Amino acid sequence: MKFKTIEWKGDRVRMLDQRKLPQEVRYLDCRNASSVAHAIRTMAIRGAPAIGVAAAMGIALAARRIRSNQPERFQKSLERVCDEMSRTRPTAVNLFWAVNRMRKMLNLVHADGVEKTRRRLIEEALRIFKEDVEVNKKIGSNGKRLIHSGDGILTHCNAGALATGGFGTALGVIYAARDEGKQFRVFVDETRPMLQGCRLTAWELVQEKIPATLITDNMAGVLMRKGLVHLVVVGADRIARNGDTANKIGTYGLAVLSKSHGIPFYVAAPTSTLDLSLTSGEEIPIEERNISEVTHFRGYPIAPKGVEAFNPAFDVTPHSLIHGIITEKGIIRKPFERNLKRIKASPGLERTQ
Ligand code: MRU
């Protein structure tokens, strides 16, 4: 990729400020955990895997800065930082997954002392980052066979390099197919209200010179009816045990449209997005954001003052509408409950089907 979504700089975490794209390519340096938490909350960095990587790096920054060499104090301070990270955004389970990995390292402080634990925490954050890029490449390589030359592929929100440590999940599949020489067109849903499709996915695809057509969210049905869409591929923020999938608001509508037009609908996500503790999508916490994101456009009011608005950031697509889930361990098909459990437990990279 021609840009870096996030980087560990030793004394700071550098991230591409996604609030400024596509007008400005500006990097943001976070020098402490609170500024990382703020960046996640305000969506300078966003996308489930990228949020997890950022939180881990934020905790690593705090580990560097905490002076105490007393295991108890060190642990208490870092536990507070883990809690702060966990409160930033509720839906993407990758955040909690990454924080838990850091907590496991932290718990070794009583046995191994502060100095070693500090090093371990930094190493773990860098491992989470590195693994994420590798996992994305595997997702791409497992999913690329779903794309054929001449296809039209529709995607929603941004599940690209910007949403991950690098490469992307849904866009990772697209990049891998392009790398094989396949020629196709990507239709990009603008993704109201935060416009991740318009601002971020379109930007990534332009950088990568992949033919892309931007549409407003309400145009997908027309494209499908015209026969221009052959595959829908989206990312995920949390996948319950039965395969129900939370992703950016608007995903559910696309899945319904896909079913009604007989178009395969796939989710691309790392296994760190699976939350097998939840029976179904009903239990996934859905973030509701400030209504000003709906009533205003970049600070400018576009709705009458005083109107009520609804702003859930995610919706849940029922598993019945999903053809398959593309993971780093292969494409998971129905019955999801049995196959997701099996894949989560498997250490290797084998395919289920
Ligand atoms: O609110 P956002 O921009 O963080 O939402 C992002 C999405 O919904 C993505 O599709 C999802 O996190 C998958 S990213 C690989």
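Look a little higher up for the structure.
Residues numbered from 1 in each chain as written. Predicted model: local features only at pLDDT ≥ 70, side-chain atom pairs only at ≥ 80, totals over all residues. Heavy atoms only, no water.

Engineer: Can you explain the packing of aromatic side chains? Please cite residues and give values.
Structural biologist: Scanning all chains against the criterion turns up 2 aromatic pairs. Seen in terms of ring centroids, F3 and W203 are 5.0 Å apart; in terms of plane orientation they differ by 50 degrees. Their pairing is tilted. You can see F3 sitting in the segment before β1 (6-8) and its partner W203 sitting in helix α8 (residues 196-207), a full 200 residues away along the chain. Like W203, F3 is buried. (Phe/Tyr/Trp six-rings, centres within 6.5 Å; stacked < 30°, edge-to-face > 60°. Helix = DSSP H or I, 4+ residues; strand = E, 2+ residues; numbered from the N terminus. Buried < 20%, exposed > 50% of the residue type's maximum accessible area, 1.4 Å probe, protein only.)

Engineer: So what about the site of the ligand? Which residues, and what values?
Structural biologist: The full set close to the ligand counts 19 residues, and R46, A48, R89, N247 and K248 are the nearest of them. Note that an oxygen atom of the ligand is positioned 2.8 Å from one of the backbone N or O atoms of A48. One of the side-chain N or O atoms of Q196 is found 2.9 Å from an oxygen atom in the ligand. Look at the ligand: alone it shows 420 Å² of surface, and the protein chains cover 100% of it. (Near = heavy atom within 4 Å. Polar contact = N/O pair within 3.5 Å; in protein donor to acceptor, adjacent residues only side chain to side chain. Areas by Shrake-Rupley, 256 points an atom, 1.4 Å probe, with all protein chains shown as cover.)

Engineer: Please provide a residue-by-residue account of the sheet that holds strand β7 (residues 231-234), values included.
Structural biologist: Across the sheet, which stays open at both edges, the 7 strands sit in the order β6-β5-β4-β7-β10-β15-β16 with mixed pairing between neighbours. A single partner strand is all that each edge strand has here, and the edge strands are β6 (212-215) and β16 (330-332). Across the sheet, the mean angle from the axis of one strand to that of its neighbour is 25 degrees, orientation sign disregarded. Taken together, the 4 bridges between strand β4 (residues 152-155) and strand β5 (residues 185-189) define a ladder with parallel strand orientation. Looking at the pairing, T155 lines up with V188 of β5. (Pairing = 2+ DSSP bridges. Axes fitted to C-alpha atoms, helices over the stretch in contact; angles between N-to-C directions.)

Engineer: With reference to specific residues and values, describe the sheet that holds strand β3 (residues 27-30).
Structural biologist: Spatial ordering of the open sheet is given by β1-β2-β3, a layout of 3 strands whose pairing is antiparallel. A single partner strand is all that each edge strand has here, and the edge strands are β1 and β3. Strand-to-strand twist in this sheet, taken as the mean axis angle between neighbours without regard to direction, amounts to 20 degrees. Pairing between strand β2 (residues 13-16) and β3: 4 bridges, direction antiparallel.

Engineer: So what about the environment of S320? Which residues, and what values?
Structural biologist: Relative to the helices and strands, S320 resides in the loop between β14 (314-317) and β15 (324-327). For S320 and K76, which are 244 residues apart along the polypeptide, the C-alpha to C-alpha distance reads 44 Å.

Engineer: Lay out helix α3 (residues 71-86) with the relevant residues and their values.
Structural biologist: Spanning 16 residues, α3 covers 22 Å between terminal C-alpha atoms, matching the ideal 22 Å at 1.5 Å per step. Among the residues making up α3, those that are buried are F74, Q75, L78, V81, C82 and M85. Angular distribution of buried residues about the axis of α3 spans 125 degrees; they occupy a single face of the element. In α3, the exposed positions that point more than 90 degrees away from the buried face belong to E72, R73, K76 and R80. Among the structural elements, α1 (33-41), α2 (48-65), α4 (93-106), α5 (109-112) and α6 (114-143) are those in contact with the buried residues of α3. (Expected span 1.5 Å × (residues − 1). Arc of directions from axis to C-beta. Contact = heavy atoms within 4.5 Å.)

Engineer: Explain the nonpolar core to me, and be specific about the residues and the numbers.
Structural biologist: Ranked by internal contacts, the top residues of the largest apolar core, which has 44 residues, are F74, L78 and M85. Ranked by residue count, the leading element in this core is α2, at 13 residues. Ignoring sequence-local partners within four residues, the contact set of M85 consists of A33, V36, A37, I40, A55, G58, I59, L95 and V99. Residues I215, A255, V267 and L340 belong to the second largest nonpolar core, which totals 25 residues. (Core = buried A, V, L, I, M, F, W, Y, C linked by side-chain atoms within 4.5 Å.)

Engineer: Quick one: what's the story with the pattern of salt bridges, residue by residue and with numbers?
Structural biologist: Applying the stated rule across the entire model yields 24 salt bridges. Between D17 and R19 there is a salt bridge; the shortest N-O distance is 2.9 Å. Residue D17 is classed as buried on the basis of its relative accessible area of 3%. Judged by relative accessible area, which is 32%, R19 ranks as partly exposed. The salt bridge partner of K144 is E180, with a shortest N-O separation of 3.3 Å. Taken together, the positions of K144 in the loop between α6 and β4 and E180 in the loop between α7 (170-179) and β5 put the pair 36 residues apart, joining distant regions of the chain. Connected through shared salt-bridge partners, D11, R12, R14 and D29 make up one network. (Salt bridge = Lys/Arg side-chain N within 4 Å of Asp/Glu carboxyl O.)

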